[in-house]
Amino acid sequence: MTRAPRPGTRALGSAEAWMRARGWVPLDFQRQTWAAIGAGHHGLLHATTGAGKTYAVWLGLLQRHAAPPAATGGPRLLWITPLRALAGDTAAALQAPMAALAPGWRLGVRTGDTPDAERTAQQRRWPEALVTTPESLSLLIARADAPALLAQVAAVVVDEWHELLASKRGVQVQLALARLRGWQPAVQVWGMSATLANPDEAAAALLGPTAAASAAHVRAPQAKPITVDTLLPAQVQRFAWAGHLGAAMVPAVVAALEGCRSALLFTNTRSQTEWWYQALLDARPDWAGQIALHHGSLDPQVRRWVEHGLKTGALRAVVCTSSLDLGVDFAPVERVLQIGSPKGVARLLQRAGRSGHAPGQPSRVTLVPTHALELVEAAAARDAVQAGRIEPRPALRAPLDVLVQHLVTVALGGGFRPEALLAEVRTTHAYADLSDQDWRWCLDFVRHGGASLHAYPEYRRVQPDASGVWRVPDARLARRHRLNIGTIVADAQLEVRYLNGARLGTVEEGFAARLRPGECFVFAGRTLELVRLHELTAWVRDARGQPPRVPRWQGGRMPLSTTLADAVVARLEAAAHGVFDGPEMAAVQPLLALQGRWSRLPTRQHLVAEVLHDREGCHLFVYPFAGRDVHAGLAAWLAWRAAQAQPRTFSLAVNDYGLELLCAQPVDWAAALPRWLQPPDRATLQAELLASLHAAELAKRRFREIARVAGLLEPGHPGQRRPARQLQASAALFWAVFCRHDPDNRLLHQAQAEVLMQELDLDRLHDALQRMARQTLCLQTIARPTPLALPLWVERQRERLSSETLAARLQRLVAQLERAADAPARAARGRGRRRANPTQEAA
DNA sequence: GACCTGCTGCGGGATG
């Protein structure tokens, strides 16, 4: 016979006793968590990865909620994890405490990976504790028996909440939690998150604005110090070409790897991962089998194999992308290296946390600059880490596509009455300010398909029945909706397979489409020859000889964060005052000194712009340090303003530090720039931005995602999803129909709003302009590209020239610049604009 | 010796 402890009992079967029985002394933050849970609070536990936080929350919830298992009924405790790959390990960790504190309880895992047999077994008798994903939770809510099934949920844990917070997946979780509270108002919610700059917003999003006010915030102390150091290049170039691979750093990285048993090498792109894996193998052929690569386009089986190798310590090093940012605890990883810019402080901390996982070991991350200016970034990143300055993760507001999906989900899961559901939806942070009009529009959209689709029965997805409860009237629509649940919209992928059928992974359709049969590319660490493309598969064989192309995936954009960019400017300002602290700044001093000599160093008070006249025309370089997305918007906007004054054509280039505008005709920037940089009010800025960019085209692309989430597109069957080209075609059709017959369609507005806010980052652009207006504009006339200007010059040329032509031109230019830099300053100024023939000048 | 740039994440359910 099993005896369940009464809620709140502290004697036998308590969290404390369980830990002591294992010889562990409970930590303060664990006791605080148990106390807060015992007192019935909701809460957020801020802690870095590690088993300590799992025991804090799980033991606390078991202690409070364990009760004798019921023969029928549904899960009592839900554990939400953003990664299905984490679900198994999590379940394993939860098992032992549960066996002790809730005898007789069973633990289940339910994700898309759960085998059919297990699913049916779960449905015969639901496990008391269930580990699941946000998507699978929504699928539970979409079951006809959901109200009965989920009314017994006493508590929910959301793990890695910071990962979900700023995305539509996070909004999906908010809506699901509101639904659970609707059935069981007492449901206790706890989140676990990495350190955040906006903990209050994170709590409001997780718990709802009302409950968040009284929520417990428990902070686990930083268990171990974090060290940020840098591999210095043997020689720092004054004229870096905006490279990103870091080829020069291969020997230093090899040396670093020789000294340690296991390491993770993080890169920023998948193709860079492939490149580095090859470079390491070329340098150390004897490491074959001891190193591996890992990224999101590799076959899951390959990825599992690599993860296993890391866990067992069989691998010396793995080159990876963010695909290993989260995941199983790889205890043996000794070192973490970050190749190229870390882009943000939170990212860097996350990656640093992958090392020194054992207690007492410090976390250490070594930055490997691939470009001279990244030395400044490295010093700045360390400043920000030491000062604890981390990027906020803003929660999304009111994405109507997610709400539309939720309406159909709830209609399936027992149905709803509009007034009651509106009240429930408004308890969430995302929809707290949802207007009555938007709500009515969403209701109408799921009921009739809105103004333009009412003729099509498949868009009459939800109907009120005789008693006024809104339900999905037809089994086919129900099935279609279940297949469509979720907010992740991926690009079209082609499977890469050997002729014998072995799967290697996936590449984007666009990349494969550019390859012809017989051409070679590097993928999954091998050089492959494309034999043929058929359906959605690229058939390949091993290739020898031919120079390969490394696949380029489209991927997301990762602009330098404001937090890190500000830290970079602070370092440049110090340099402007002659302060070069630390090894990185000492190494990059010659480059910065030259920038100061030929032009100026940007500081917080000084906005530096440079004007250069040469054979191409008139170049303007500006360095706002606002990240590449903002610079792209700013460059287009500035060019548009300049063209309003007088018809002109510009070529544009941007990077994370600045932007370039080139015009064949002369432009009097000194007179015009201060005027054109005057920030307009937000509404004008928005209107001018939309006018200056191909905003309609951008919004149209964005709309594909929204149409998918809102359930307008026919979903494929799992395992044979439809190719994106087809998705795009139908999304384009809806776009055209709505624009023409239903211009007030809220989803069109949402597409435009998402482009403005997320792709162009209007807020950040607006802030940047305000800040620039407060700075002193220092317009320098320069005789030749400065160290800050050269990367932008290269960026622009790259689009026009083949890489050979570009390399040759660059080599000439850099040789010229080097000579000018070495010549005494007076002589350099004297040579001015004369375009010297390098051979003459050398003689 | 060479500069090729952009991550991650999820996913039916009922019946035999």
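Residues numbered from 1 in each chain as written. Chains lettered and ligands numbered in written order. Predicted model: local features only at pLDDT ≥ 70, side-chain atom pairs only at ≥ 80, totals over all residues. Heavy atoms only, no water.

## Thoughts on the overall build of chain A
- Per the secondary structure count, chain A includes 34 helices and 25 strands.
- Considering chain A as a whole, with its 843 residues, one finds that 55% of them fall into the buried category.
- Sequence separation of 24 or more characterises 73% of the internal contacts of chain A that already satisfy a separation of 6 or more.
- A total accessible area of about 35,200 Å² is found for chain A, and carbon and sulfur atoms account for 52% of it. (Helix = DSSP H or I, 4+ residues; strand = E, 2+ residues; numbered from the N terminus. Buried < 20%, exposed > 50% of the residue type's maximum accessible area, 1.4 Å probe, protein only. Contact = heavy atoms within 4.5 Å. Areas by Shrake-Rupley, 256 points an atom, 1.4 Å probe, with all protein chains shown as cover.)

## Thoughts on the pattern of salt bridges
- If you walk through the whole model with that rule in mind, you get 37 salt bridges.
- With its nearest N and O atoms 3.6 Å apart, the salt bridge here joins D566 to R771. Pair noted here: D566 is in helix α22 (residues 562-576) and R771 is in helix α30 (residues 762-774), with a separation of 205 residues, a long-range link.
- Linked by salt bridges that have partners in common, K168, D401, R702 and E754 make up one network. (Salt bridge = Lys/Arg side-chain N within 4 Å of Asp/Glu carboxyl O.)

## Brief notes about the sheet that holds strand β7 (residues 216-219)
- The strand order β3-β4-β2-β5-β6-β1-β7 describes an open sheet built from seven strands, whose pairing is parallel. Sheet topology places β3 (107-110) and β7 at the edges, where each strand pairs with a single neighbour. Strand-to-strand, the axes of this sheet are offset by a mean angle of 15°, without reference to chain direction.
- Note that strand β2 (residues 77-80) and strand β4 (residues 129-132) share four bridges and pair parallel. Looking at the pairing, I80 lines up with T132 of β4.
- Across the sheet, helix α9 (residues 168-183) touches β2, β5 (155-158) and β6 (188-193), and the angle it forms with β5 is around 170°. (Pairing = 2+ DSSP bridges. Axes fitted to C-alpha atoms, helices over the stretch in contact; angles between N-to-C directions.)

## A word on the domain arrangement of chain A
- Domain boundaries assigned for chain A yield domain 1 (2-219), domain 2 (226-387), domain 3 (401-487 + 696-758), domain 4 (493-542), domain 5 (601-679 + 775-800) and domain 6 (807-842).
- The gap between the C-alpha centroids of domain 1 and domain 2 is 33 Å. (Domains from an automatic or database assignment.)

## What about unusual backbone geometry?
- In the Ramachandran plot, K343 falls in the positive-phi region, its phi being about 70° despite a non-glycine side chain.
- When you line up the elements, K343 lands in the loop between β12 (335-339) and α15 (345-352).
- For K343, a relative accessible area of 16% gives the class buried.
- With a phi angle near 55°, D761 is a residue other than glycine that sits in the positive phi range.
- You can see D761 is positioned in the loop between α29 (746-759) and α30.

## Considerations on the environment of P225
- Mapped onto the secondary structure, P225 falls in the loop between β7 and β8 (226-230).
- In this structure, the C-alpha to C-alpha distance between P225 and V622, residues 397 residues apart in sequence, is 38 Å.
- Residues in contact with P225, not counting those within four places in the same chain, are P362 and S363.

## So, the sheet that holds strand β24 (residues 659-663)
- Spatially, five strands are ordered β23-β24-β22-β21-β25 in an open sheet, and the strand pairing comes out mixed. Two strands bound the open sheet, and with one partner strand each, they are β23 (650-654) and β25 (776-782). When strand polarity is set aside, the average angle formed by the axes of neighbouring strands in this sheet is 20°.
- For strand β21 (residues 606-614) and strand β22 (residues 617-622), the ladder comprises six bridges, and the chain directions are antiparallel. Each bridged residue has a counterpart across the sheet, and for H613 the counterpart in β22 is C618.
- Contacts from helix α24 (residues 628-645) reach β22, β23 and β24, with the element oriented near 160° to β23.

## Here we look at the environment of A102
- On the secondary structure map, A102 appears in the loop between α4 (84-101) and β3.
- Measuring from C-alpha to C-alpha, the distance between A102 and A66 comes to 5.2 Å, with 36 residues separating the pair along the chain.
- Apart from the residues within four sequence positions on either side, A102 is in contact with L62, A66 and P97.

## Regarding the packing of aromatic side chains
- Here the structure, examined in full by the defined rule, presents 14 aromatic pairs.
- Aromatic pair W18 and Y55: ring centres 5.3 Å apart, planes at 50°, arrangement tilted. Placement of the pair is W18 in helix α1 (residues 15-21) and Y55 in helix α3 (residues 51-65), with a sequence separation of 37 residues. Like Y55, W18 is buried.
- With centroids separated by 5.7 Å and ring planes inclined at 25°, the aromatic side chains of F416 and W470 adopt a geometry described as stacked. Of the two residues, F416 is situated in the loop between α17 (400-412) and α18 (418-425) and W470 in strand β15 (residues 470-471); the sequence distance between them amounts to 54 residues. A single burial state applies to F416 and to W470, both of which are buried.
- Through a chain of ring-to-ring contacts, the aromatic side chains of Y459, F703, F734, W735 and F738 assemble into a single cluster.
- Sitting above the plane of the W598 ring, R784 keeps its charged end 5.0 Å from the centroid. (Phe/Tyr/Trp six-rings, centres within 6.5 Å; stacked < 30°, edge-to-face > 60°. Lys NZ or Arg CZ within 6 Å of the ring centre and 35° of its normal.)

## Focus on the confidence of the model for chain A
- The predicted model of chain A has a mean per-residue pLDDT of 87, with 88% of residues at 70 or higher.
- Scored below 50 in pLDDT, residues 1-12 shows 15 contacts in the model against residues more than four places distant or in partner chains.
- Confidence drops under pLDDT 50 across residues 828-843; counting only partners more than four residues distant or on other chains, this segment forms 19 contacts. (pLDDT = per-residue confidence, 0-100.)

## Some points on the pairing of β5
- The alternating pattern of β5 places A155 and V157 and V156 and V158 on opposite faces, both of which are buried.
- Sheet analysis places β2 next to β5, joined by four bridges and oriented parallel. Of the residues in β5, the one forming a bridge with W79 is V157.
- Across four bridges, the pairing between β5 and β6 is parallel. Counted as the bridge partner of A155 is Q188 from β6.

## Quick word on helix α23 (residues 582-598)
- Between its first and last C-alpha atoms α23 spans 24 Å; for 17 residues at 1.5 Å apiece the expected length is 24 Å, and the two agree.
- Within α23, the axis deviates most sharply at Q589, by approximately 55°, and proline P590 lies no more than four positions further along.
- All of the buried residues in α23 are E584, M585, A587, V588, L591, L592, L594, Q595 and W598. (Expected span 1.5 Å × (residues − 1). Bend = angle between axes of the 7 residues up to and from the residue.)

## A closer look at helix α31 (residues 790-798)
- Of all nine residues in α31, seven are buried, a share of seventy percent or more.
- Residues L790, P791, L792, W793, V794, R796 and Q797 constitute the buried set of α31.

## Digging into the packing of α17 against helix α20 (residues 475-484)
- Where α17 meets α20, the closest approach of the two axes is 10 Å, and the angle between their N-to-C directions is 130°. Comparing their axes, α20 and α17 come out oblique. The way α17 lies across α20 gives a crossing that is left-handed. Of α20, the residues touching α17 (which contributes Q405, V408, T409 and L412) are A478, H481, R482 and N484.
- Residues that form the contact of α17 with α20 fall into these classes: three nonpolar, four polar and one charged. (Parallel < 35°, antiparallel > 145°, perpendicular 65-115°, else oblique. Left-handed = near helix turned anticlockwise from the far one by under 90°. Nonpolar A, V, L, I, M, F, W, Y, C, P; charged D, E, K, R; others polar.)

## So, the side chain of T563
- As for its position among the elements, T563 is in helix α22.
- Judged by its relative accessible area of 14%, T563 is buried.
- Not counting residues up to four positions away in its chain, the partners in contact with T563 are V345, R389, I390 and E391.

## Re the environment of V579
- Summarising the element assignment, V579 is placed in the loop between α22 and α23.
- Along the primary structure V579 and E759 are separated by 180 residues, whereas in three dimensions their C-alpha atoms are 36 Å apart.

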